[in-house]
Amino acid sequence: MTVNDPRISYLLRQGDTPLILAQRLCAWCGHAPELEIDLALANIGLDLLGQARHFLGYAAELAGPPCSEDSLAFGRDERQFHNLLLAEQPNGGFNDTLVRQFLLDAYHVQLHQALSRSRDAQIAAIAAKSLKEADYHLRFSHGWMIRLGDGNDVSHRKIQQSLDNLWRFTAELFHADALELELAEQGIAVDPRELQAPWQAQVEETLRQATLALPAEQAFRHGGKQGRHSEHLGPLLAEMQFLQRAYPNGQW
C-alpha cells in the first residue's frame, strides 16, 4: 500500500502501535503468572485492539475502497507497518512485558491527552476515548512496577534488567520527523518532542517509588515509524496474518 496523504500515514502510525502491542499481550492469555494478570493483560490487549480499529478504520475511510481496517491490519507487509519499535519487542518474561507496557502506557497517556485537542474532530474523539483506557493501563503497569521493583532481590533485579534492555527504544517515542512536524503545524498531530518532559517526569517518579535506577543514556534505535523494523516484527505478522492470507477475504 502506497500512502501519499500525510494524515493517512499518521493514522497508520497511531493504529499500528496498539495493534502490534495487542498481539503481543494476547499471547499471554493462559500463560500469565497468575489469573489476575492473565485477565488484565487480555483486557488491556482488547482495549488496544479497539484503539487500533478506530485509527485504522479512519485511515481506511480517508483512503477509500477497496481499503478497509481489515486489509490494513492483515494485508500489509512488514515495511508497510509504522509501529514504534518498542511495541514489537518480544514478551520475554513477565518482567519484560511489564516494563515495555509501562513505558508505552506512560507515553500513550501523554499522546492521547495532546491528540484529544486535535483540529481533526475524529482524531480528537478517538484520542479522548483512548485516554480513559490509557489511564487505566498506566495504573496497572505503574502498580506492578512498584510492587516488583520494590519487592525482593530477584524481582528487583529482573525489572531493572528489563528496564536497562528496553531503554534504548524509548527515544524513538519522541523522535520527530517531517510528517509529524507538518501535521503538528496544522494542529492535526502532536510534536512528539513536547511529550518527553511529562513522560520523563512520570517515569522517574515511578522508578523512584520502585527503588529502580534510571538507565544511563545510550545509543537509541528508531525507524519503526518509517517502516524500518527489528527482526521481531516479521514472525509476529506471519502469525497474526496467517488466516487472512491463507483464505483471502474469507467469511465465516
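Shown above is the structure to which this text applies.
Below: a short report on this structure. Given the structure is predicted, the values throughout are model-derived calculations rather than measurements.

Regarding the packing of helix 1 (residues 6-26) against helix 10 (residues 233-240)
And step 1. Orientation of helix 1 relative to helix 10, taken along the N-to-C sense of each, is 75°, at an axis distance of 11 Å. With respect to helix 10, the element helix 1 is oriented roughly perpendicular. Counting all contacts with helix 1, which are made through Leu 19, Ile 20, Gln 23 and Arg 24, the residues of helix 10 involved are Leu 233, Leu 236, Leu 237, Glu 239 and Met 240.
And step 2. Taken together, the residues of the contact of helix 1 with helix 10 sort by class into 6 nonpolar, 1 polar and 2 charged.

Things to note about the side chain of Gln 89
And step 1. Tracing the chain through its elements places Gln 89 in the loop between helix 4 (85-88) and helix 5 (94-115).
And step 2. Given the relative accessible area of 5%, Gln 89 is considered buried.
And step 3. Of the polar contacts made by the side chain of Gln 89, one reaches the backbone oxygen of Leu 85; its length is 2.9 Å.
And step 4. Here Gln 89 is in contact with Arg 24, Arg 100, Leu 166, Phe 169, Ser 230 and His 232, once residues within four sequence places are set aside.

A closer look at the packing of helix 1 against helix 8 (residues 178-185)
And step 1. The contact between helix 1 and helix 8 brings their axes to 10 Å, and the two run at 110°. As the angle between them shows, helix 1 and helix 8 are arranged roughly perpendicular. Judged by the twist between their axes, the crossing of helix 1 over helix 8 is left-handed. Here Pro 6, Arg 7, Ser 9, Tyr 10 and Arg 13 of helix 1 come into contact with helix 8, specifically with Leu 179, Glu 180, Glu 182 and Leu 183.
And step 2. Split by residue class, the contact of helix 1 with helix 8 holds 4 nonpolar, 1 polar and 4 charged.

Some remarks on the packing of aromatic side chains
And step 1. Evaluation of the coordinates by the stated rule reveals 5 aromatic pairs.
And step 2. By way of ring pairs, the aromatic residues Tyr 107, Trp 167, Phe 174 and Trp 199 are connected into one cluster.
And step 3. Seen from the ring of Trp 144, Arg 147 lies directly overhead, with NZ or CZ sitting 4.1 Å from the centre.

Details of a nonpolar patch on the surface
And step 1. Taken together, the side chains of Phe 242, Leu 243 and Tyr 247 define a hydrophobic patch exposed on the protein surface, amounting to about 350 Å² of accessible area.
And step 2. Locating Leu 243 in the fold gives a position in helix 11 (residues 242-246).
And step 3. Overall, the relative accessible area of 44% leaves Leu 243 in the partly exposed class.

The rules behind these values
- Residues numbered from 1 in each chain as written.
- Predicted model: local features only at pLDDT ≥ 70, side-chain atom pairs only at ≥ 80, totals over all residues.
- Heavy atoms only, no water.
- Axes fitted to C-alpha atoms, helices over the stretch in contact; angles between N-to-C directions.
- Helix = DSSP H or I, 4+ residues; strand = E, 2+ residues; numbered from the N terminus.
- Parallel < 35°, antiparallel > 145°, perpendicular 65-115°, else oblique.
- Contact = heavy atoms within 4.5 Å.
- Nonpolar A, V, L, I, M, F, W, Y, C, P; charged D, E, K, R; others polar.
- Buried < 20%, exposed > 50% of the residue type's maximum accessible area, 1.4 Å probe, protein only.
- Polar contact = N/O pair within 3.5 Å; in protein donor to acceptor, adjacent residues only side chain to side chain.
- Left-handed = near helix turned anticlockwise from the far one by under 90°.
- Phe/Tyr/Trp six-rings, centres within 6.5 Å; stacked < 30°, edge-to-face > 60°.
- Lys NZ or Arg CZ within 6 Å of the ring centre and 35° of its normal.
- Patch = residues over 30% accessible without salt bridge, like charges linked within 9 Å, V, L, I, M, F, W, Y side chains within 5 Å.
- Areas by Shrake-Rupley, 256 points an atom, 1.4 Å probe, with all protein chains shown as cover.
- Salt bridge = Lys/Arg side-chain N within 4 Å of Asp/Glu carboxyl O.

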